[in-house]
Amino acid sequence: MSLTDTRIDPAADLAPTKLPAPSGVIDSTTKQAVDPAESRPASTVDPTGTSATEPTSDTPAAPAPSRRRLDVVRPGMQTTVQDWPGRIGYWHIGVPPSGPMDDLSFRLGNRVLGNLEGAAGLECTLGGPALRFSEPTWVCVTGAVADVRVDGVPVEQWRTVEVPAGGVLDVGAIRGPGMRTYILIAGGIDVDEFLGSAATFTLGKFGGGTGAALRADDSLTLGAPSTRRAPAVPMADQPAFAHRWELAVTEGPHGAPEFFTRYDFDTIIGTDYEVHFNSDRTGVRLIGPKPEWARTDGGEAGLHPSNIHDNAYTVGALDFTGDTPILLGPDGPSLGGFVCPVTVVAADRWKLGQLTPGDKVRFVPIRSEHAAPAAELGARRRACFGTVLSAGRDGDDGILRRTEVDDETGVTYRRQGDDGVLVEYGTLTLDLGLRARVHALHQHLIAIGLRGVIELTPGIRSLQIRVDPAVLPIPRLLDLLTEAEAQLPNSDQLVVPSRTVHLPLSWDDPSTREAITRYMHGVRADAPWCPWNIEFIRRMNGLPSVEDVYKTVFDAEYLVLGLGDVYLGAPVATPTDPRHRLVTTKYNPARTWTPENAVGIGGAYLCIYGMEGPGGYQFVGRTTQVWNHRARPSGTAGPGVDRFSTDPETPWLLRYFDRIRWHPVEADELLDLRADFAAGKVDITTENGDFRLADYRTFLADNADSITDFRTLQAGAFAEERQSWRTAGELTD
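Residues numbered from 1 in each chain as written. Predicted model: local features only at pLDDT ≥ 70, side-chain atom pairs only at ≥ 80, totals over all residues. Heavy atoms only, no water.

This part takes up the overall build of the protein chain. The secondary structure content of the protein chain amounts to ten helices and 39 strands. For 733 residues, the compact-globule estimate of 2.2 N^0.38 gives 27 Å, and the protein chain sits close to it at 26 Å. Reported as C-alpha extents along the three principal axes, the dimensions of the protein chain are approximately 85 × 65 × 55 Å. When each of the 733 residues of the protein chain is scored for burial, the buried share is 60%. Relative to all contacts within the protein chain whose residues are 6 or more apart in sequence, the contacts with residues 24 or more apart total 74%. Total accessible area computed for the protein chain in this model is approximately 27,700 Å², and 51% of it derives from carbon and sulfur atoms. Treating the 70 positive side-chain charges of the protein chain as one cloud and the 96 negative ones as another, the clouds have centres 3 Å apart. (Helix = DSSP H or I, 4+ residues; strand = E, 2+ residues; numbered from the N terminus. Rg over C-alpha atoms; globule rule 2.2 N^0.38 Å. Buried < 20%, exposed > 50% of the residue type's maximum accessible area, 1.4 Å probe, protein only. Contact = heavy atoms within 4.5 Å. Areas by Shrake-Rupley, 256 points an atom, 1.4 Å probe, with all protein chains shown as cover. Lys, Arg positive; Asp, Glu negative; His and termini not counted. Charge placed at Lys NZ, Arg CZ, Asp CG, Glu CD.)

On to helix 3 (residues 432–448), then. With 17 residues, helix 3 extends 25 Å between its outermost C-alpha atoms, agreeing within 8% with the 24 Å of an ideal straight helix rising 1.5 Å per residue. Where helix 3 begins, one side-chain oxygen reaches toward the backbone nitrogen of Gly 433, 2.8 Å away; that side chain belongs to Asp 431. Downstream of helix 3 by a residue or two, Gly 449 has a phi angle that is positive, lying close to 60°. (Expected span 1.5 Å × (residues − 1). Polar contact = N/O pair within 3.5 Å; in protein donor to acceptor, adjacent residues only side chain to side chain.)

Looking now at the side chain of Glu 721. Mapped onto the elements, Glu 721 comes out in helix 10 (residues 704–728). Among the residues examined, Glu 721 registers a relative accessible area of 5% and is labelled buried.

So, about the sheet that holds strand 16 (residues 283–287). If you walk across this open sheet you meet the seven strands as 18-19-16-15-22-14-21, and the pairing is mixed. In this open sheet, the two strands that pair with only one neighbour each are strand 18 (318–321) and strand 21 (342–344). Averaged over all pairs of adjacent strands, the angle between their axes in this sheet comes to 45°, without regard to strand direction. Sheet topology places strand 18 next to strand 19 (residues 324–328); four bridges connect them, and they run antiparallel. Bridge pairing in strand 19 links Thr 321 to Thr 324. On top of the sheet, helix 2 (residues 262–270) reaches strand 14 (244–251), strand 15 (273–275), strand 18, strand 21 and strand 22 (360–365); it is set at about 120° to strand 22, its chief contact. (Pairing = 2+ DSSP bridges. Axes fitted to C-alpha atoms, helices over the stretch in contact; angles between N-to-C directions.)

This next bit is on unusual backbone geometry. Backbone geometry follows two general trends: most residues other than glycine have a negative phi, and most peptide bonds adopt the trans configuration. Cis geometry is found at the peptide bond from Gly 176 to Pro 177, where omega equals 0°. By the secondary structure assignment, Pro 177 is in the loop between strand 10 (168–174) and strand 11 (180–185). Residue Pro 589 is reached from Asn 588 by a cis peptide bond, and omega for that bond is 0°. Structurally, the position occupied by Pro 589 is in the loop between strand 31 (571–575) and strand 32 (591–594). In this structure, Leu 126 takes a positive phi of about 70° despite not being glycine. Secondary-structure assignment places Leu 126 in the loop between strand 4 (121–125) and strand 5 (130–133). Overall, the relative accessible area of 39% leaves Leu 126 in the partly exposed class. A positive phi angle, close to 65°, is found at Lys 205, a residue other than glycine. For Lys 205, the location among the structural elements is in the loop between strand 11 and strand 12 (219–221).

What follows concerns the environment of Thr 125. By the element assignment, Thr 125 lies in strand 4. Residues Thr 125 and Pro 473, 348 residues apart in the sequence, show an inter-C-alpha distance of 35 Å. With residues near it in sequence (within four places) discarded, Thr 125 still touches Met 77, Gln 78, Ile 174, Met 179 and Arg 180. Looking at Thr 125, its side chain comes within polar contact range of the side chain of Arg 180, at 3.4 Å.

Attention shifts here to the confidence of the model for the protein chain. Of the residues in the protein chain, 91% have a pLDDT of 70 or more, and the chain-wide mean is 89. Taken as a whole, residues 1–64 scores under 50 in pLDDT and shows 106 contacts with residues more than four places along the chain or in a different chain. (pLDDT = per-residue confidence, 0-100.)

What follows is about the sheet that holds strand 11. Read from one edge to the other, the open sheet built from five strands follows the order 3-4-11-6-9, with strand pairing classed as antiparallel. Looking at strand neighbours, the two that pair on one side only are strand 3 (79–82) and strand 9 (160–163), the edges of this open sheet. Shown here is a sheet whose adjacent strand axes are inclined to one another by a mean of 30°, direction ignored. Pairing geometry for strand 6 (residues 137–143) and strand 11, over five bridges, is antiparallel. Bridging across to strand 11, Cys 140 finds its partner in Leu 184.

Neither face of strand 34 (residues 605–608) is left uncovered, since the one carrying Tyr 605 and Cys 607 and the one carrying Leu 606 and Ile 608 both have all their residues buried. Relative to strand 34, strand 31 runs antiparallel, the two being bridged by two bridges. Along strand 34, the bridge assignment pairs Ala 573 with Leu 606. Here four bridges tie strand 33 (residues 598–602) to strand 34, and the two strands are oriented antiparallel to one another. Note that in strand 34 the partner of Gly 602 across the bridge is Tyr 605. Counted along the chain from strand 33 to the antiparallel partner strand 34, the turn is two residues long, and its residue Gly 603 has a positive phi close to 65°.

Structurally, His 444 can be placed in helix 3. Taking the relative accessible area as the measure of exposure, His 444 reaches 14% and is therefore buried. The contacts of His 444, once residues within four sequence positions are left out, are Ala 484, Gln 487 and Leu 488.

Encoded structure:
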């Protein structure tokens, strides 16, 4: 079944429920308690409050009242429009949820103003803005401690405060502890949504109206306010801030003894890590002990033992990019090839938004069924405690269940926090038959439309399923997945649409050379892959010259196995012919900057970076855009679906099982092509076709001898490089 043929339940049944205001809020006119029914979100309200009735011919029409707005006097260091839960349902395309990094402070402020908990507000990092309001407006400033004034007069945080018409709300530098302050406004902020959310994703350049942080002289329209309002967030509901944080975590998905030693795991949960200054909304980098590791390398996935075949991450995962631990944030990547031993539970992820450089972090394992409910904002959320209450951990190394698909293939269900499961097929090898099994399960779950499913994200040999556990508890999900296995077709029957997509490649592009230079100056100058990644690829694969690397890349046909690696429809792909699979390891530590649409190889995989950001794949060049910022679909695709039923155009260029073929262009020619693409002149040659797993397996059998010869040569070079790393102290096995 193709994705376009799939029927799913309405997206409203799949997204987390936005809760109504609490009981006991006060009507600002009568001062009496009122029914806490939800007010409409700002985007559905006529902010003028006027009737659509036409005036009579002899009665002049009254001028429409001006729309409520705020004007930015001073933007602050990094102030963005966010809503909650953010941009849900596009994780499989590489679109992160964004939204408030501290959802708890954000939602509490909205609630006391009578807004929906998810109504759009402002997130302020390190320091806040000065905002002038056109009309009397009630606000609530929450989050980290800062100096807050209205027309120069100090006001309290966590309380509802009225700013008079023409008045200025000034939020100064954050004094701490904590990193982010939130400004919530009665009626919310009314900006156009993109992919179902107003949340700003600055790296992707969308959301918040402009796709960027606030600038001086910006204006934002406000929604219609509710008449219900509480005086303040109760003290018992306010979260506790500190410079030493305890985070509740669950084991998995990648625990001991498969990936980490028992000693490693005990160290992870027994260490006070320090927050690194190089942290942001994509992830919080930590300083701590280097693992011993349970493996010597990642095999086909890469030379370092942290490397695995790419799978879906989750927000709150502790991701070891090499030996460096990073807590993935709401603007983080959806796919990647590194192991994650523990995951912060959903109710504690608000703390990631308040971690400040120099703070200490301790991971406290808990039993998954004891995790506080993330939907709660009161005492059950347990956010007012500075410590995590734990009666012990699950003790299952993150493995929820194991079973057999058939005599040759097993399936492992790994825990990903208290709200997700990673379904993983077979052994740690690159086998397109396993990807076919993932595809079959993926399509089955789309077709049945399970209520409570939020995200469906396929990886190389795995499928991540994220749920609202209040709607679809994890034990029930596991039972449904077990039942599904009996209904899936044999992988040999897989036939899927598979376009051939011809893309330009500027080999060894100057922008990628610049990225390597930046890495050497700012991160690490003595890395084995520096100063030239292509020479490193040659050495790793035992090829005679870099010209052979060039020939191999341009001769290959790359099959797209996943989208969103890294971000915005960026593909993770592998050559269909194993003799074209160049194997490398990933940067350790990762780069802090990668040019948009750089092309790299990591493990046996190729990726196109969807936007600027961090990265770890070894560069071979740069191509044109794979994300069309001019596309503005009006519908919703639904979890796991890669096309819209209502819009012919998607922002993402590529689809699962597309086949990429490269043709060489000069660097200047690529810049012209990129300019044309940005201007809306998208001219990409594609040819329709099918991918048939049975035919592919016949091809492998017919070429088995030459494939074995290539792999033998490659394995020898791989072993030689590993030994040189061991001699140099890169590996310590």
